[in-house]
Amino acid sequence: MVPFPQLETDRLMLNQQVLADSKLILQMFSDPEVILFYDLDFSHEAQAVELINNDTKRFEQGEGIRWAIRDKVTHKLLGGCGINRFECSNHVAVIGYEFFKEYWGKGYATE
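Numbers given for residues are sequential positions, taken from 1 along each chain in its written order. In keeping with the predicted nature of the model, local features appear solely for residues at pLDDT of at least 70, side-chain atom pairs appear and are counted solely at 80 or more, and the whole-chain, interface and lining totals rest on all residues. The side-chain numbers reported here are obtained from all heavy atoms of the structure, hydrogens and water having been left aside.

## Structural notes on the environment of Asp41
1) Next: Turning to its location among the elements, Asp41 is positioned in the loop between α1 (22-29) and α2 (45-60).
2) Next: Buried residues are those whose accessible area, probed at 1.4 Å on protein chains only, stays under 20% of the maximum for their type, while exposed residues exceed 50% and partly exposed ones sit between those limits. Overall, the relative accessible area of 53% leaves Asp41 in the exposed class.
3) Next: Residues Asp41 and Phe29 lie 12 residues apart in sequence; the distance between their C-alpha atoms is 6.4 Å.
4) Next: The criterion used for residue contact is that any of the two residues' heavy atoms lie within 4.5 Å. Setting aside residues no more than four positions away along its own chain, Asp41 makes contact with Phe29, Ile35 and Gln47. Helix and strand assignments follow DSSP, with helices taken as H or I runs no shorter than four residues and strands as E runs no shorter than two, numbered in order from the N terminus.

## Quick look at the layout of surface pockets
1) Next: Buriedness of a pocket was judged along seven lines, with at least five required to meet protein on both sides within 12 Å; pockets are open sets of points on a 1 Å grid over the protein atoms alone, cavities are sets where a 1.4 Å probe fits but cannot get out, and lining residues have an atom within 4 Å of a point. Grid points are joined across faces, edges and corners, and a volume is the space filled by probe spheres set on the points. In this structure, the largest pocket encloses a volume near 300 Å³.
2) Next: Contributing to the lining of the largest pocket are 14 residues, with Leu40, Leu51, Asp55, Arg58 and Asn84 lying nearest its centre.
3) Next: In terms of residue count, the dominant contributor to the lining of the largest pocket is α2 (6 residues).
4) Next: Lys, Arg, Asp and Glu make up the charged group, whereas Ala, Val, Leu, Ile, Met, Phe, Trp, Tyr, Cys and Pro make up the nonpolar group; the residues left over, Gly among them, are polar. Of the residues assigned to the lining of the largest pocket, the class counts are 5 nonpolar, 3 polar and 6 charged.

## Thoughts on the nonpolar core
A general tendency of soluble globular proteins is for nonpolar side chains to be buried together.
1) Next: Counting residues in hydrophobic clusters, the biggest one holds 25 residues, and the most contacted among them are Ile25, Phe29 and Phe42.
2) Next: In this structure Ile25 touches Gln17, Phe42, Ala48, Leu51, Ile52 and Leu77, once residues within four positions along its chain are discounted. Here, nonpolar core refers to any group of buried Ala, Val, Leu, Ile, Met, Phe, Trp, Tyr and Cys residues whose side-chain atoms link them within 4.5 Å.

## Considering the packing of aromatic side chains
1) Next: Two aromatic rings from Phe, Tyr or Trp, using only the six-membered ring of Trp, form a pair when their centres are within 6.5 Å; if the ring planes differ by under 30 degrees the pair is stacked, by over 60 it is edge-to-face, and anything between is tilted. Tallying each qualifying case throughout the model produces 7 aromatic pairs.
2) Next: Ring geometry for Phe99 against Tyr108: centres 6.2 Å apart, planes inclined by 25°, an arrangement best described as stacked.
3) Next: On the basis of relative accessible area, Phe99 is assigned to the buried category, the value being 6%.
4) Next: Aromatic ring contacts, followed pair by pair, group Tyr97, Phe99, Tyr103 and Tyr108 into a single cluster.

## Section: the pairing of strand β5 (residues 92-99)
A regular strand places its side chains on the two faces of the sheet in alternate fashion.
1) Next: Here, a strand pair is defined by DSSP locating no fewer than two bridges between the strands. Pairing analysis gives 8 bridges linking strand β4 (residues 77-87) to β5, with the strands arranged antiparallel. When the sheet's bridge partners are listed, Cys81 is paired in β5 with Tyr97.
2) Next: Adjacent in sequence and paired antiparallel, β4 and β5 are bridged by 4 residues, among which His91 carries a positive phi angle near 55°.

Okay, here's the thing in C-alpha cells:
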C-alpha cells in the first residue's frame with residue numbers, strides 16, 4: 001500500500017485525517033457558512049467518522065485523497081482539502097477545500 005503523502009508549507013502541515021479529528025470536523029461541517037456550497041450538512045459525530053472512513057477508503061482505492069490542514073507549529077486542525085473524486089477513465093477530478101471561519105482571509109487556501 002502507498003503511504004499517505006504529507007505536505008508542508010511555511011505555515012501549514014497537510015496530513016491524513018484521523019478519527020480523533022471527528023469532533024472538529026463535525027463542528028466545521030455543521031457551520032452553515034462553511035458548507036454554503038456543499039451538498040452536506042452534519043449534525044452528528046457519526047457523520048464525521050463516516051466521512052473520515054470514506055476518505056480513507058477512497059485513498060486506498062485510488063479514487064481520491066483528502067488532507068487535514070493543520071497549523072505547522074500547534075498541529076491544530078484548520079480545515080481540509082483534496083480531490084474528493086477522481087475518475088481517470090473520464091478525466092475528471094473534483095477538488096474542494098474548507099476552513100473554519102476564523103481562518104478565512106489569512107491566505108491559507110492559496111498557500
